[in-house]
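Architecture at a glance
For reference, the chains in residue letters:
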Amino acid sequence: MKKNVFALVWIIVLLVALAGCGNSNNTNGASPTSGSTAAPEAGESAAPSAEPVTIKVANWSPAADMEPILQAYEDSHPGITLEYVELADNGDSVAGMKKLDLLVASGENLDVVFMPGATDYSQRAGLGLLAPLNDLISKEGITLTDEYTVDPSVDGKVYALPDTLENYFVLLNKDKLDAAGLAVPTEWSWDDYLDYAAKLTSGTGPSKTFGTYFHTWAMYWELAVINQEKDNNLVNNGVVNIDSAGIRQSLELRSKAEASGVAVPYADTISQKLAYRSEFFTGHAAMIVTGNWMIGEAGGSEEFPATFTTAFAPMPSNSAGQPAGVSIANGNYVGILEKSGHQQEAYDFIRWYSTEGEQMQNVYSAWKKQDVDKFIAGVKSGAMSPDKIDEASLAYVIKNAKPAPLSVPPTYQGELETAFTKETELYILKQQDLETTIKKAQAELQKIVDANK
Amino acid sequence: MKTSVTLPQSHQTPTAGSKKRKRIEAGMGYFFTGPMLLGVLVFTLIPMIFSFMLSFTKWSFVTGFDKIRWSGLDNFRQLFQDEVFLKSLGNNFIMLLAVPVGMAIALILGVIITSHVYAPGAFKVIYFMPQISSVVAVAVVWQVLFHPSYGPVNGFLSAIGVDNPPKWLADPTYALPSVMLLMIWIDLGVSLIIYIAGIKNIPADLYEAATIDGASKLAQFRSITFPLLTPTTFFLLVTGIIGNFKSFALVKVLTDGGPANSTSVVVYDMYQTAFVDLQTGYASSMVMILFVIVLAITGLQWLGQRYWVNY
């Protein structure tokens, strides 16, 4: 009797639980469809009557940085209220993306979302989170390639507008350069880079200065590929690019630097989880290949005050005679969530933000009409120690940069990079030779490409 | 209570009153266990069932429920061709070695501390220290100790004449043993405390009798201490193996599964798949495999215990 009652209660509890699951499934399944059919109507009827519209904007930047810009937009666009959602409390974009995913998963009604880099962008576009913008763009009547240096199309569809522009160049410790009697390079190749690294290496033991430092990111295993105009990714148009001269040269470059002791040993890098900022700004490494988010930091930051002058050099070429300064263009992207009920208003905002809004923030943007001199002046005025930025070489690098048209990576770029770095790690740690590495990486990446067809 | 008096009667001819009382009593029971039951239901049981269902789907948790695609056994088929997963699973099994080794050390230390040292309390505290420190802090300290070029460990090794000391955490062959070493060191405190409690529970007259019979210390350990500690050993083995299978924090902060996946474990791979690659369905299927393995191992241990555990 007692057992029966207990069992009955359990069955009821389980049934309720299952019913609960089923219910939530149903409501959740139904709401997006009803939302997407109802929302555009609401948006269209709202626009003419100029009813107040609230747009939720999510970014990982601190609120203090974003709010003045949002305020400026609200002032010039009455009826629009922008609500800022801060995704990370320390400006960490990786943590910001995790928070964004959780917010979206929990049904938060965000409208505009920022993404740090093409990999994050294409991953979320591939998941169907972002609304295609092609109709809105053709309605406005612009050609994207005339407006922006970066083409954000994924399979012919545009899911986000380019926000900041990121290309790569070399930061040099000018004090050490002067001490070694070297000039700031303007045209150079990877061989010259190794040469510089050797000349900049000095000392022994824990206080040794290394010529260069390579971070753990996948881009540092494909340095002789990302400085190409074309076919500059691991997989281009579905063709795996590992078994190529470019990747071979990249890996040999790393191996030479490691063997001759001019680069921070890879074992130190991974076992101590070294960070490129501390390696460069503490003078532990004299040169790093990096991107233009570091321009402002060259003038010092709270954590790493500038103690020496930083000079800039273009991205090296693969062999003497080829032009230096070519680099893939990446950057932040700003898109609109598929579920957003205010597509038009959100689009107007991201168009404004990715052009004029950025000028206010003085970031290096993908907008073609940006004034470079004004940007440099802005960087210097905002820097903690402006005299530590070598202006002449910075101007040269920016004006002579040749951002290669970005082919947005496949939606599974993250998986490709993980698989690739796994093999290259074994190579640099002397567990396998170059040809084995190339062969295995080529096969593994091919497997990922096939699995995602 | 009064019910105990009326119960025999009501058993033969249930009256309306006693039935009602019974119902109230049962109701009260459910009322009091309700909150706990609800908690278990909402935070454990439903997620488990949900995760089980998800393991047969292709889904990313950032997309809505309407994007769930049923994929049958595809995930599992894919899992057994997934080199990273198989490597992680293999690493998990190698890592299991850390459990018996750690327990053996704890047992020996336990015997020594209870009877052969002054100030045993101080030793307990010393060995328990790593357990109460944050894993992150502990990992950072060991990172520096294991520094491949200037770390104290390699400094010592080269001082005594080892030419090419291993690169420890940065060496694909030594990374996993290094992690296991740390695991043993961190978990030593718990096993030690429990063993000491077990040793104190052994009646002293057994040892007295053995001493009178002229048994050596070793014989006493083999015939008294070890057999009487088998329930403790069994408990530590089961919880240790389950805990070992679920190890994540140490791997995450120490090596991130590297170099080249040599320290990746199933839970780490799952984290990477679910929260970095955003493949919730696929990650759920990994959890299911883990669940089945842990269940099987624990079941085997329960079955095997009657051959070696003395209660």
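The preceding data block contains the structure.
Residues numbered from 1 in each chain as written. Chains lettered and ligands numbered in written order. Predicted model: local features only at pLDDT ≥ 70, side-chain atom pairs only at ≥ 80, totals over all residues. Heavy atoms only, no water.

**Section: the nonpolar core**
Note the cut-off: Here the nonpolar core consists of buried residues drawn from Ala, Val, Leu, Ile, Met, Phe, Trp, Tyr and Cys, with membership extended through side-chain atoms lying within 4.5 Å. Here's how the labels work: a residue is buried when its accessible area is under 20% of the maximum for its type, exposed when over 50%, partly exposed in between, all with a 1.4 Å probe on protein chains only. The helix count covers DSSP runs of H or I at least four residues long, the strand count covers runs of E at least two residues long, and both are numbered beginning at the N terminus. Domain delimitation in this document rests on an assignment produced automatically or drawn from a domain database. In this analysis, two residues are considered to be in contact whenever any of their non-hydrogen atoms come within 4.5 Å of each other.
Core analysis: the biggest nonpolar cluster contains 89 residues, and Tyr121 and Phe349 of chain A have the highest contact counts within it. Tallying contributions element by element places helix α12 (residues 343-361) of chain A first for this core, with 6 residues. There are two domains that each give this core at least three residues, and those are domain 1 (33-164 + 331-370) and domain 2 (168-328 + 388-451) of chain A. Non-local contacts of Phe349 of chain A, meaning those with residues more than four positions away in its chain, are made with Val57, Leu70, Tyr73, Leu82 and Val112 of chain A. With 35 residues, the next largest nonpolar core counts Val99, Leu109, Leu290 and Ile297 of chain B among its residues.

**A few points about unusual backbone geometry**
Trans is the prevailing form of peptide bonds, just as negative phi is the prevailing case for residues other than glycine. Residue and element names in this part refer to chain B. One non-glycine residue, Ala119, lies in the positive phi region at around 50 degrees. Residue position: Ala119 is located in the loop between α5 (98-116) and α6 (120-132). On the basis of relative accessible area, Ala119 is assigned to the partly exposed category, the value being 48%. One non-glycine residue, Asn261, lies in positive phi territory at about 65 degrees. Tracing the chain through its elements places Asn261 in the loop between α13 (249-254) and α14 (266-276).

**Points about the pattern of salt bridges**
Residues and elements named next belong to chain A. Here is the rule we go by: One side-chain nitrogen of Lys or Arg within 4 Å of one carboxyl oxygen of Asp or Glu is enough to make a salt bridge.
Per the counting criterion, the structure on display carries 20 salt bridges over all chains. With a shortest N-O distance of 3.3 Å, Glu147 and Arg351 are connected by a salt bridge. Residue Glu147 is found in helix α6 (residues 144-147), and its partner Arg351 is found in helix α12; the two are separated by 204 residues along the sequence. The same class applies to Glu147 and to Arg351, which are both buried. Here Lys399 makes a salt bridge to Asp373, at a shortest N to O gap of 3.1 Å. Note that Lys399 is positioned in helix α14 (residues 391-399) and Asp373 in helix α13 (residues 372-382), a separation of 26 residues in sequence. For Asp373, a relative accessible area of 45% puts it in the partly exposed group. Overlapping salt bridges, with partners in common, bring together Lys422, Glu423, Lys440 and Glu444 in one network.

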